[in-house]
Amino acid sequence: RAGSNGAGFVGGVFGAGFFTGHHGLAASMNQRPPAVTANSPAIESTEAPMAAYVRDRVSERRWRHIEGVYHTAKALAKQHHADDGKVGVAALFHDVAREWSKNELLEYAEKQHIPTRKEDRWYPILLHGRIAGEILKNNFRIDDSEINEAMAYHTSGHPQMGLLAKILYVADAVEPGRDYPTRAA
C-alpha cells in the first residue's frame, strides 16, 4: 500500500474513475471525519451497540482509525451502491482484535476452530480479521459471508473479493488518519 492517500492502487481495485467520482471522495480524504460514538447520529441505531462494544475493547489510537475507516467505507458504499449496513458493521469490527498478542490470536483461533495456515502461524496478526468475524457472530449473532470476507481480507486483499470486501480494503488503507512513511527518492 504505497503512497500517502492510496489513489494509486484504488484505480487498480475498482477501476479508473473510482477515486475521483462525482461524490468528491478524493477531495475529502485529507479531512478528519466526525467522531463516531455510540450516541453519534453518524452511527445507525442498529450499529450503536456494536460501536460501543468495539470502543470498549480497543485503544484510543485504534478507535480513531476505526472511525476513519467507518466514515470512508460509508462514503464508498454510497458511491458504489453497496449495502450500507453491512459496510458499517464490517468497518466497526474489522480491527477489534488487531491489538491482541500473537498468543491471544493463536489461542482464540484454536479455541474457536478457525482454520490456520502456516502463514497465520508465522504472522498471527493475519488472523485478526477472521477472529473479528467470530467475535461478531458470538456477541451479536451476525454471521454474514460478505461481512466475514471483508474483515478476513481487509489487510491482504484477495483476487476474487466482492464489492464489500473491496470497499473495506480501500477504506482501511486510505482513511484520513492513515500516515504512511514517505520514501526518499
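Residues numbered from 1 in each chain as written. Predicted model: local features only at pLDDT ≥ 70, side-chain atom pairs only at ≥ 80, totals over all residues. Heavy atoms only, no water.

Here we take up the nonpolar core. Note on soluble globular proteins: their nonpolar side chains tend to be buried together. Ranked by internal contacts, the top residues of the largest apolar core, which has 44 residues, are V54, L92, F93, I131, I135 and M151. At the level of secondary structure, the elements contributing two or more residues to this core comprise α3 (48–55), α4 (60–79), α5 (84–93), α6 (102–111), α8 (128–140), α9 (145–152) and α10 (163–174). The element that contributes the greatest number of residues to this core is α10, accounting for nine residues. Among all residues touching F93, those that are not within four sequence positions of it are M50, Y53, V54, A132, I135, L136, F140 and M151. (Core = buried A, V, L, I, M, F, W, Y, C linked by side-chain atoms within 4.5 Å. Buried < 20%, exposed > 50% of the residue type's maximum accessible area, 1.4 Å probe, protein only. Helix = DSSP H or I, 4+ residues; strand = E, 2+ residues; numbered from the N terminus. Contact = heavy atoms within 4.5 Å.)

Here H154 is to be found in the loop between α9 and α10. For H154, a relative accessible area of 0% gives the class buried. Of note is the side chain of H154, whose polar atom sits 3.1 Å from the side chain of H128. A polar contact of 2.7 Å, which involves the side chain of H154, links it to the backbone oxygen of M151. (Polar contact = N/O pair within 3.5 Å; in protein donor to acceptor, adjacent residues only side chain to side chain.)

Residues apart from glycine generally show negative phi values, whereas peptide bonds are mostly found in trans. Of note, H81 is a non-glycine position whose phi angle comes to about 55°, a positive value. With respect to the helices and strands, the residue H81 is situated in the loop between α4 and α5. For R141, which is not glycine, the phi torsion reads 55° and is therefore positive.

The N-to-C vectors of α5 and α9 enclose an angle of 35°; their axes lie 9 Å apart at closest approach. Note that α5 runs across α9; the crossing there is right-handed. Note on element contacts: α9 touches α5 through E146, I147, A150 and M151, opposite K86, V89, A90 and F93. (Axes fitted to C-alpha atoms, helices over the stretch in contact; angles between N-to-C directions. Left-handed = near helix turned anticlockwise from the far one by under 90°.)

What follows is about the packing of α6 against α8. α8 packs onto α6 with a crossing angle of 55° between their chain directions and a minimal axis gap of 10 Å. Considered as vectors, α6 and α8 are oriented oblique to each other. Relative to α8, the crossing made by α6 is left-handed. Along the contact surface, α6 presents L105, Y108 and A109, while α8 presents H128, I131, E134, I135 and N138. By residue class, the composition of the contact of α6 with α8 is five nonpolar, two polar and one charged. (Parallel < 35°, antiparallel > 145°, perpendicular 65-115°, else oblique. Nonpolar A, V, L, I, M, F, W, Y, C, P; charged D, E, K, R; others polar.)

Before going further, it helps to spend a moment on the packing of aromatic side chains. Summed over all chains, the structure comprises four aromatic pairs. Ring plane angle 90° and centroid distance 5.4 Å describe the contact between Y53 and F140, whose orientation is recorded as edge-to-face. Linking Y53 in helix α3 with F140 in helix α8, this pair joins segments that are 87 residues apart in sequence. On the accessibility criterion, F140 (24% relative accessible area) is partly exposed. Between F93 and F140 the ring centres are 5.7 Å apart and the planes differ by 75°, which places this aromatic pair in the edge-to-face class. Of this pair, F93 sits in helix α5 while F140 sits in helix α8, and the two are 47 residues apart along the sequence. For F93, a relative accessible area of 0% corresponds to the buried category. (Phe/Tyr/Trp six-rings, centres within 6.5 Å; stacked < 30°, edge-to-face > 60°.)

Take the confidence of the model for the protein next. Chain-level pLDDT for the protein is 82 on average; 74% of the residues reach the 70-or-more range. Below a pLDDT of 50 lies the segment residues 1–12, which in the model reaches 25 contacts outside its immediate sequence neighbourhood of four places, other chains included. A low-confidence stretch, residues 14–41 (pLDDT under 50), is modelled with 51 contacts involving residues beyond four sequence positions or located in other chains. (pLDDT = per-residue confidence, 0-100.)

All right, on to the environment of R55 then. Relative to the assigned elements, R55 resides in helix α3. Classification of R55 as partly exposed rests on a relative accessible area of 27%. It is 9.0 Å that separates the C-alpha atoms of R55 and L92, two residues lying 37 residues apart in sequence. Filtering out sequence-adjacent residues up to four positions away, R55 remains in contact with E60 and W63. Polar contacts involving the side chain of R55 include one to the main-chain carbonyl oxygen of V58, which spans 3.3 Å.

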